[in-house]
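# Overview (structure and organization)
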Amino acid sequence: MRSHLILAVIVAGACSLASCSKPATADDPKKESAPGPASTTRKYLLERVDDAAVVQIYADDFASMDVKTKALVWHLYQAAIAGRDIYYDQRSAAGLEMRDLIEGIVEHPGTTNAETLKEVQRYAKLFWLNSGPYNNLTARKFVLQCQPAAFAEAVHAAQTAGAAFFLQAGETLDQKLARLQPMFFNPDFAPSATSKTPKPGEDLLASSFNNLYAGVTTKDLAGFKEQYPLNSRLVKRNGALVEEVYRIGGRYDPQIRAIVGHLEAAVPLATEPMAQALRALIKWYQTGSPADRRAYDIAWVADKASPVDTINGFTEVYLDARGMKGGWEGLVFYVNQKKTESIQKLAGQAQWFEDRMPWDPRYRKPGVKGITANAIDVVVESGDSGPITPVGINLPNDESVREQFGSKSVSLSNVNEAYDKSTDPGFRSEFAWSPDEAARSEKWGGLAGELLTNMHEVIGHASGRVSESLKGTPQAAIKEFFSALEEARADLVGLYFIADPKIAELGLVPAADQDAIAQTEYEGYTRNAIIQLRRVRQGSQLEEDHMRNRQMIVRWLMANTKAIDTRTRDGKTFLVMTDAKAFREGVGRLLAEVQRVKSEGDLAGARKLFETYGIHFDPKLRDEVIARVDRLKLPAYTGFVMPDLVATTDSNGAVGDVKISYPQDLAKQMLAYSAMTKETRNAFLASEKR
Ligand SMILES: [Zn+2]
């Protein structure tokens, strides 16, 4: 499970000044390794594309690693890029072919007219940031804003200039263009990747145009037992349901073979616990079986001390309207030792927090086990986790593994840092009711946001247990509301304890400032409920689970406490947090209810919470927020450019040294990634029948 960037960009990310009170900035060791002008002048914000910001991530400690560790990271980095195309295909059946065409134009502009080229470049950047034609947050399709004829001309010009487009056997380039035209140009054709709350009479799966299902409706699933619920595409073929399993010899065979090749090269360089996890992962890629996936989860959780780690596989289920199928992702990261110390203080006290959770004692876990919390710096993220990245991750998702073996939590430090350094201060002033509120946010927002993210992951997701009377998992019972409910639960745990004296006792905040810090977090969380509406430019409902969770919490508090006022000034709406005590008391009550709903698998209870408070919003308010944001030219979301690694090989072909650099150029990096996987991509596309 992951906590998304959304809150961070408002709260943690609001702190973009050098005077930021975030603990690591005052004596940031990174500044020692890159002294003087290099650290103060390096670029974070690279460019703006429509409502997106493009930001460079830095991984400063990589350069000082020993050669063997660098080589390990190198092979894992290769494995992360090798699977990138899988996620494009999962998000849209046409995704890879569409990307092939637009990349051909960007790389070979040939005689393309300047206006068309400019539009294709804009579209290409959005396509790369969102890993396909659908917006990552709204799930809605964005389209090319030029004439189909002009686009076709540009494609032909690129071909003449040397672009080698993939063509299906027996299909001409013009036939391909005609086939893909509605995907590129018609916003009403296959309009949404994921539709978790379809219109009345519409089917959950039939109105979701991702590629996790083909020709399947919810009705078809009645009485069908999936053998590979997480890692298969479900297809209706000759009237029967077929699972196309993601594994060697199955769907995505070329990509998975490449991934496994790189993982095998990494094994001898890894620590023994990590090597065991990698071997288990390889086995899962070979068999695809849920038992091997579970064995991999267990081995991955058991590796708690390795300085380098990776997540590689079918993991998060947000793309699937049913919440079952895993989107592929690849992350490689190393532990940021300094920041990890403060997180481990939280993890060490997990049982203390568990014993004081404001919910029915029956749902408290007697032995909270195996929580590993690390602050990490990412070296690469791809697929479901890049270029748009989470700020915190807690895995595995399998509840039975979590209960027996624990879980691992990470907070993505260098992602947070890049947010901080690239965020516009206008976010604070425009939506804060008073200069005091804005000043508090400036002073404490970074610290409060980072703390909330840590508490969300470390003591939030890891907490609680299900009722003994619940048959099956809460996921299965709560269905499409599960992810949002679980995110709400983790946020509420953080909001509840951020005001507890224990946090100051642990040294995570100065005792004298704790009230101000909690107040800052409550104010920021409240403001976010309207600021986040800027991300949903059409319609009047939220789809993304973290957005639903945050909307639900704030609207519930507005309806059930006196903590929040709605005020207007100069035609602008403000949500003003006026009573921190009442806010916290309300959070405790709501958390008790959310935990009950999860523990009992109460689908009706979950539906009621989200239908009443979390999904629907007033489009007039949204329009107002968008007008305010547009006037300030504030971004709605951020995508990241990753570091580049280049390895030198010795005479035996083994990896010698690995150099890290920062391309500061989204297009250059995306084209380089696509070039690296061209062979496996074409092999995969050739095996697909269109
Ligand atoms: Zn989460």
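Residues numbered from 1 in each chain as written. Predicted model: local features only at pLDDT ≥ 70, side-chain atom pairs only at ≥ 80, totals over all residues. Heavy atoms only, no water.

## So, helix H26 (residues 603-614)
Every buried residue belonging to H26 is among Gly-605, Ala-606, Leu-609, Phe-610, Tyr-613 and Gly-614, and all of these are buried. The arc that holds every buried residue of H26, seen down its axis, measures 120°, which confines them to one face. Along H26, the residues that are exposed and aim more than 90 degrees away from the buried face are Ala-604 and Lys-608. Looking at the buried side of H26, the elements it contacts are helix H20 (474-478), helix H21 (482-497), helix H24 (545-560) and helix H25 (580-600). (Buried < 20%, exposed > 50% of the residue type's maximum accessible area, 1.4 Å probe, protein only. Helix = DSSP H or I, 4+ residues; strand = E, 2+ residues; numbered from the N terminus. Arc of directions from axis to C-beta. Contact = heavy atoms within 4.5 Å.)

## Points about the coordination of the zinc ion
Around the zinc ion, the donor atoms from the protein are His-456 (NE2), His-461 (NE2) and Glu-487 (OE), and they sit 2.0 to 2.1 Å away. Of note, the zinc ion draws all its donor residues from one chain, in the sequence arrangement H-x4-H-x25-E. With a gap of 26 residues between them, His-461 in helix H19 (residues 435-461) and Glu-487 in helix H21 connect regions that are remote in the sequence. When its relative accessible area of 1% is taken as the criterion, His-461 is described as buried. (Donors = N, O, S within 2.8 Å, 3.2 Å for Na, K, Ca; no water.)

## Considerations on the pairing of strand S14 (residues 637-641)
A large share of S14 lies buried, amounting to five of its five residues. Side chains Tyr-637, Gly-639 and Val-641 of S14 all project onto a buried face; the interleaved residues Thr-638 and Phe-640 project onto the opposite face, where all are buried too. Pairing analysis gives five bridges linking strand S3 (residues 52-56) to S14, with the strands arranged parallel. Looking across to S14, one finds that Val-54 is bridged to Gly-639. (Pairing = 2+ DSSP bridges.)

## Notes on the sheet that holds strand S2 (residues 45-49)
Taken together, three strands build an open sheet; the order of strands is S2-S3-S14 and the sheet is mixed. Edge strands, defined here as strands with exactly one partner in the open sheet, are S2 and S14. For this sheet, the mean inter-axis angle between neighbouring strands, taken without regard to orientation, is 25°. Relative to S14, helix H17 (residues 413-422) is tilted by about 120°, and along the sheet it contacts S2, S3 and S14. (Axes fitted to C-alpha atoms, helices over the stretch in contact; angles between N-to-C directions.)

## Here's the deal with the pairing of strand S5 (residues 232-237)
Relative to S5, strand S4 (residues 213-214) is paired through two bridges, and the arrangement is parallel. Bridged to Tyr-213 within S5 is Leu-234. In terms of strand pairing, S5 meets strand S6 (residues 240-245) through six bridges, oriented antiparallel. Paired with Ser-232 across the bridge in S6 is Val-245. The turn linking S5 back onto S6 is made up of two residues, and Asn-238 within it adopts a positive phi angle of 50°.

## Quick word on the sheet that holds S6
If you walk across this open sheet you meet the three strands as S4-S5-S6, and the pairing is mixed. Every other strand in the sheet has two partners, leaving S4 and S6 as the edge strands with one partner each.

## Quick notes on the nonpolar core
Taken as a class, soluble globular proteins show a tendency for nonpolar side chains to be buried jointly. Among the nonpolar cores identified, the biggest contains 129 residues, and Phe-151 and Phe-184 are the most heavily contacted of them. Here this core takes ten residues from helix H5 (residues 67-82), the largest share from any one element. In this structure, Phe-151 is in contact with Leu-101, Ile-102, Ile-105, Thr-116, Val-120, Leu-144, Cys-146, Leu-177, Phe-184 and Phe-185, ignoring residues within four places of it in sequence. (Core = buried A, V, L, I, M, F, W, Y, C linked by side-chain atoms within 4.5 Å.)

## Regarding the packing of aromatic side chains
All told, the structure shown has 24 aromatic pairs when counted by the stated rule. Between the aromatic rings of Tyr-88 and Phe-127, the centroid separation amounts to 6.2 Å while the plane-to-plane angle is 25°, which identifies the pairing as stacked. Highlighted residues: Tyr-88 in helix H6 (residues 84-91) and Phe-127 in helix H8 (residues 114-129), separated in sequence by 39 residues. Note on Tyr-88: relative accessible area 2%, which makes it buried. On the basis of relative accessible area, Phe-127 is assigned to the buried category, the value being 0%. Considering the side-chain rings of Tyr-419 and Phe-640, the 5.1 Å spacing of their centres and the 90° angle between planes classify their relative orientation as edge-to-face. Of this pair, Tyr-419 sits in helix H17 while Phe-640 sits in strand S14, placing them 221 residues apart in sequence. Taken individually, Tyr-419 and Phe-640 each receive the classification buried, so the pair is uniform in this respect. Above the ring of Tyr-88, the side-chain terminus of Arg-99 is found at 4.4 Å from the ring centroid. (Phe/Tyr/Trp six-rings, centres within 6.5 Å; stacked < 30°, edge-to-face > 60°. Lys NZ or Arg CZ within 6 Å of the ring centre and 35° of its normal.)

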